[in-house]
Amino acid sequence: MRVKEEGPEIEIREAELEDLPHVFALGERLFTADLWPTLYRTWDEYEVVELFATDGDTCLVAEMENKVVGFALGTMIEKRRSSWTYGYLLWLGVDPGVSRRGVGARLVRRITDVFIQNGARMLLVDTDAENERAIEFFKAQGFGNLSEHVYLTKNLTRDPGYAKQRRRSVPPSNGHPRKTRQPTPIPPGIPMEEEDNVDQ
Ligand SMILES: CC(C)(COP(=O)(O)OP(=O)(O)OC[C@H]1O[C@@H](n2cnc3c(N)ncnc32)[C@H](O)[C@@H]1OP(=O)(O)O)[C@@H](O)C(=O)NCCC(=O)NCCS
């Protein structure tokens, strides 16, 4: 694939602590509710800070003229009963002001290298089925085996247990609001059996 570089130089590098507010702000502009209506991960400050704290080497930024214009945030995951280790690219974003200049491709290339160095044998991404731009982008980066996942929801406020719990209204033991975000889920549809048969 052709990677273009026009205008000021853009550097891809590991994220640093002071980049985080800029990464978060850019993500706020990109990850809008219409693109991610039911995503099981949420773009919030915790997401960015926790990923940086736990997976610093797979948090990359693209910098142009001292400004963060893109990021790739990933993590390594291992699936139980599988000898495979995955590099999971959780969040990828490029400032629309520099789109189609190869920044996304360079971020993916660099994070792929880091994943490989960390022992990954497969790279995984996910996005909303309606996000055609991202799907086309990922296809252009060599991703395939597209599989769709269906989300269903149930309104728990109509569940008898919900009203009961509300009446009890137990405060959290430490007085702080409970943090509800879950650890990295194993995404659905990860190819497993077939690849596990591949000679290692
Ligand atoms: C998807 C995204 C990361 C692409 O970043 P980018 O820097 O503009 O992409 P690149 O310039 O590296 O594009 C590389 C190739 O991907 C494909 N591509 C990129 N954007 C595309 C689009 N809108 N339509 C079709 N193909 C596209 C093209 O093949 C392109 O090569 P070309 O420009 O030579 O034709 C960026 O648009 C973005 O941040 N989107 C919003 C957030 C998002 O959806 N993130 C992904 C899920 S977490």
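Residues numbered from 1 in each chain as written. Predicted model: local features only at pLDDT ≥ 70, side-chain atom pairs only at ≥ 80, totals over all residues.

**Quick notes on helix α3 (residues 103–117)**
Relative to the 21 Å expected for 15 residues at 1.5 Å per residue, α3 spans 21 Å between its end C-alpha atoms, a close match to the ideal helical length. Those residues of α3 that sit buried are Val103, Gly104, Arg106, Leu107, Val108, Ile111 and Phe115. Looking at the buried positions of α3, the neighbouring elements they touch are β1 (10–14), β2 (59–64), β3 (67–78), β4 (85–94), β5 (122–125) and α4 (132–140). At the exit of α3 stands Gly119, carrying a positive phi of roughly 100°. (Helix = DSSP H or I, 4+ residues; strand = E, 2+ residues; numbered from the N terminus. Expected span 1.5 Å × (residues − 1). Buried ≥ 20, exposed ≤ 12 C-beta atoms within 10 Å, placed from the backbone. Contact = placed C-beta atoms within 7 Å.)

**A look at the environment of Gly56**
Residue position: Gly56 is located in the loop between α2 (45–54) and β2. You can call Gly56 exposed: it has 12 C-beta atoms within 10 Å. Through-space distance from the C-alpha of Gly56 to that of Ala15 is 7.2 Å; in sequence the pair is 41 residues apart.

**Topic: the sheet that holds β2**
An order of β1-β2-β3-β4-β5 is seen for the 5 strands of this open sheet, with the pairing classed as mixed. Edge positions in the open sheet fall to β1 and β5, since each of these has one partner strand only. Adjacent strand axes in the sheet meet at a mean angle of 25°, parallel and antiparallel pairs treated alike. Sheet analysis places β3 next to β4, joined by 9 bridges and oriented antiparallel. Directly across from Thr75, in β4, lies its bridge partner Tyr88. α3 rests against β1, β2, β3, β4 and β5 of the sheet, and its axis sits at about 35° to β3. (Pairing = 2+ DSSP bridges. Axes fitted to C-alpha atoms, helices over the stretch in contact; angles between N-to-C directions.)

**Overview of the site of the ligand**
Inspection of the region around the ligand gives 20 residues, with Ser99, Gly104, Ala105, Glu136 and Ala140 positioned closest. Elements supplying a minimum of two residues to the shell around the ligand: β4, α3 and α4. By residue number, the principal contributor to the shell around the ligand is α4, which donates 5 residues. Counted by class, the shell around the ligand contains 9 nonpolar, 6 polar and 5 charged residues. (Near = placed C-beta within 6 Å. Nonpolar A, V, L, I, M, F, W, Y, C, P; charged D, E, K, R; others polar.)

**Examining unusual backbone geometry**
Phi at Arg100 takes a positive value of approximately 60°, unusual for a residue other than glycine. Structurally, Arg100 can be placed in the loop between β4 and α3. Despite not being glycine, Asn145 has its phi angle at roughly 50°, a positive value. Inspection of the secondary structure assignment puts Asn145 in the loop between α4 and α5 (160–168). Asn145 sits in the exposed class, given 9 other C-beta atoms within 10 Å.

**Points about the packing of helix α1 (residues 20–30) against α2**
Relative orientation and spacing of two packed helices are given, respectively, by the angle between their axes and the distance between those axes. Between α1 and α2, whose axes approach to 10 Å, the crossing angle comes to 135°. With respect to each other, α1 and α2 are oriented oblique. Two packed elements cross with a definite hand, and for α1 against α2 that hand is right-handed. Between α1, through Leu20, Val23 and Phe24, and α2, the contact on the second element is made entirely by Glu45, Val48, Val49 and Phe52. Across the contact of α1 with α2, the residue classes break down as 6 nonpolar, no polar and 1 charged. (Parallel < 35°, antiparallel > 145°, perpendicular 65-115°, else oblique. Left-handed = near helix turned anticlockwise from the far one by under 90°.)

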